Amino acid sequence: MGFDWRKVLAVFLVVLAVSMAGCIGTSTSSSTKPTSSSPAVTSSTASQGYITVTDMLGRTVKVPANVSRVVAVGPGALRILVYLNATKDVVGIEEFEKRFPYGRPYILAHPELLKLPVIGPGGPGKLPNMEALIKVHPQVIFMVFVSRQTADEVQEKTGIPVVVLSYGTLKNFTDPVFFKSLLLAGKILGKEKRAEEVIKFIEEQQSYLENLTKGLKSPRVYVGGIGFKGAHGITSTFTDYAPFTVLHLDNIAANLKSTNYGWVQVDKEWLLKENPDYIFIDEGGLKIILDDYKSNPDFYNSLKAVKEGHVYGVLPYNFYNTNIGIAIADAYYIGKVIYPERFKDIDPVEKANEIFTFLVGKPVYGELAKEFGGFGKIDLASGNVTYGLPTNP
């Protein structure tokens, strides 16, 4: 019997093909290995390979090299993806976004997101639905405000890489932790250039505001009604309210101690004692404040700012994490109120729409103003508002 070289060659080619397939980036760590209930890695994804990233908790995560299907979980996660122009990659959203589709520029600018499947309840401290996550087949889950243990648990139960992002402390607009999160998400989504553009834009806004107000003598100011895990009244404020910080304003709450990212609840007696020259009301809490005024007008009418007509409304600063675009827009309006000569060439409404257009793609100030009142003086005795932040999201 003669030696059959054709059979040998055929076996050799099969062995070679198998060995080459094993070299393409398909291996995963034990924490990312699909569970029996999760979808298997598709051949197309496997053939694209993987990249290894370090998330904001210091976790090492393997993600596909080419990502086109993602979800965002937790307060502010979806906002980051919209800033990166990655809305077309989002395949599911939280129920929170559908229940409260107002007050957040990223949703107002992209109502198409509200048509996506629900992946969980959303809201502070609430985990996604694992089965719903698996059903929409994301390649990456972006999460915020979760522990390492929770991130690992979601990753193990779904078999889908979990990358944790963060907003940092946002004592001003240029928080390095937030910027790192933008760059990380940008790298994963192939949006690195856009991430760099967003960072540059925010840095330029802050630099302009800081330089315009540097060295000026500030009146004593206060902001009340800021949301934090729900709506609050006049006594809700921030020790590190970013618009005040970048404008070099004398925030009367700056020296108070906070264990909640700068958020504090002050006493009304303290507010009367400090008696600021100007009060700004975050309109996310304006509905509560107007109701409170009806019950206790004497308190409000005893405040210097109320008596002198120096009470002004600003758009909601904190609604499902910090609305950075709104915070920058608010800073321009606040600057216009406090230093009208320095800001004489600036129209806060036009500036707000410029900011929103760059960050989320549409000039949505008008919609926000219809919902909450927008920039302007507030008369507590006759004021009204269409929306308020949810008190228990």
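Predicted, not measured: the structure shown is a model, and the values here were computed from it.

Thoughts on the sheet that holds strand 5 (residues 162-164)
Spatially, the 3 strands line up as an open sheet ordered 3-4-5, and their pairing is parallel. One side of each edge strand has no neighbouring strand; the edge strands of this open sheet are strand 3 (70-73) and strand 5. Neighbour-to-neighbour, the strand axes of the sheet open up by a mean angle of 25°, direction not taken into account. Both strand 3 and strand 4 (residues 140-143) contribute to a ladder of 4 bridges, which runs parallel. From the neighbouring strand, A72 faces strand 4, where its bridge partner is F142. Strands in contact with helix 7 (residues 148-158) are strand 4 and strand 5; relative to strand 5, the strand with the most contacts, it is inclined by about 160°. Contacting strand 3, strand 4 and strand 5, helix 8 (residues 176-189) crosses the sheet at an angle of about 170° to strand 4.

A look at the side chain of Q155
Turning to its location among the elements, Q155 is positioned in helix 7. Within the structure, the side chain of Q155 is placed 3.3 Å from the side chain of R59, a separation counted as a polar contact.

Here we look at the pattern of salt bridges
On inspection of all chains with the given rule, the structure shows 8 salt bridges. Through salt bridges that share partners, D55, R59 and D152 make up one connected network.

Examining the nonpolar core
Core analysis: the largest hydrophobic core is formed by 93 residues, its most contacted members being F142, V163, F280 and F356. In terms of residue count, helix 15 (residues 324-338) provides more of this core than any other element does, 11 residues in total. One finds A253, V264, V266 and Y300 within the second-largest nonpolar core, a separate group that totals 23 residues.

Thoughts on the packing of helix 9 (residues 192-213) against helix 15
In the contact formed by helix 9 and helix 15, the axes pass within 11 Å of each other and the chain directions differ by 20°. Classified by the angle their axes make, helix 9 and helix 15 are roughly parallel. Crossing handedness for the pair helix 9 and helix 15: left-handed. For the pair formed by helix 9 and helix 15, the contact residues are I202, Q205, Y208 and L209 on the first element and I324, I328, A331 and Y332 on the second. Along the lines of polarity and charge, the residues of the contact of helix 9 with helix 15 split into 7 nonpolar, 1 polar and no charged.

Quick look at unusual backbone geometry
One non-glycine residue with positive phi stands out, namely L170, at about 50°. Within the secondary structure, L170 is located in the loop between strand 5 and helix 8.

Observations concerning the side chain of T213
As for its placement among the helices and strands, T213 is situated in helix 9. A relative accessible area of 0% places T213 in the buried class. A polar contact of 2.9 Å, which involves the side chain of T213, links it to the backbone oxygen of L209. A polar contact of 3.2 Å, which involves the side chain of T213, links it to the backbone oxygen of L247. Beyond its immediate stretch of four places on either side in the chain, T213 contacts V246, L247, H248, Y339, R342 and F343.

Things to note about the packing of aromatic side chains
The description of an aromatic ring pair rests on the distance of the ring centres and on the angle between the ring planes. Inspection of the entire model under this criterion finds 23 aromatic pairs. An aromatic cluster of three or more residues is present, and its members are F238, Y241, F244, Y278, F280, Y312, Y317, Y333, Y365 and F375. Over the ring of F319 we find R104, and its NZ or CZ is 4.7 Å from the ring centre. Over the ring of F299 we find K268; its NZ or CZ atom is 5.0 Å from the centre of that ring.

Brief notes about the confidence of the model for the protein chain
On average, residues of the protein chain score 88 in pLDDT, and 88% of them reach the 70 mark or higher. Residue range residues 1-47 is modelled with pLDDT below 50. Its contacts to residues more than four positions away, or to other chains, number 33 contacts.

Focus on the sheet that holds strand 11 (residues 311-314)
Strand order in the open sheet made by the 5 strands is 8-6-10-11-12, with mixed pairing throughout. The sheet is open, and its two borders are formed by strand 8 (250-251) and strand 12 (376-377), each paired with just one other strand. As paired elements, strand 11 and strand 12 share 2 bridges and run antiparallel to each other. Of the residues in strand 12, the one forming a bridge with G313 is G376. The strands touched by helix 15 within the sheet are strand 6 (220-224), strand 10 (278-282), strand 11 and strand 12, with strand 11 carrying the most contacts at an inclination of about 160°.

Conventions and cut-offs
Note on numbering: residues in each chain are counted from 1, in written sequence order. Where local features are concerned, this predicted model is filtered to residues with pLDDT of at least 70; where side-chain atom pairs are given and counted, the filter is 80 or more; whole-chain, interface and lining totals use all residues. Each side-chain value is worked out from all heavy atoms of the structure, with water and hydrogens disregarded. Paired strands, in this sense, are two strands between which DSSP finds at least two bridges. What counts as a helix is a DSSP run of H or I of at least four residues, what counts as a strand is a run of E of at least two, and both are numbered from the N terminus. Axis definition: a line fitted to C-alpha atoms, limited for helices to the stretch in contact. Angles are taken between N-to-C directions and run from 0 to 180 degrees. Contact definition: two residues touch when any of their heavy atoms are within 4.5 Å. Any N or O atom pair separated by 3.5 Å or less is treated as a polar contact, with the protein-specific requirement of one donor-capable and one acceptor-capable atom, and with residues adjacent in sequence counted only for side-chain atom pairs. In the sections that follow, a salt bridge refers to a side-chain nitrogen of Lys or Arg positioned within 4 Å of a carboxyl oxygen of Asp or Glu. The nonpolar core is taken to be a set of buried Ala, Val, Leu, Ile, Met, Phe, Trp, Tyr and Cys residues, with the residues joined through side-chain atoms within 4.5 Å. A 1.4 Å probe rolled over the protein chains alone gives each residue an accessible area, and that area as a share of the maximum for its type sets the label: buried under 20%, exposed over 50%, partly exposed in between. Roughly parallel covers angles under 35 degrees, roughly antiparallel covers those over 145, roughly perpendicular covers 65 to 115, and oblique covers all other angles. Two helices cross in a left-handed way if the nearer one is turned anticlockwise from the farther one by less than a right angle. They cross in a right-handed way if the turn is clockwise. Three classes are used: nonpolar for Ala, Val, Leu, Ile, Met, Phe, Trp, Tyr, Cys and Pro, charged for Asp, Glu, Lys and Arg, and polar for all others, with Gly counted as polar. Working definition: rings of Phe, Tyr and Trp (its six-membered ring) pair if their centres are within 6.5 Å, and the pair is stacked with planes under 30 degrees apart, edge-to-face with planes over 60 apart, and tilted otherwise. Each ring is checked for a lysine NZ or an arginine CZ that lies within 6 Å of its centre and within 35 degrees of its normal; such an atom marks a charge sitting over the ring. Predictor confidence is given residue by residue as pLDDT, running from a minimum of 0 to a maximum of 100.

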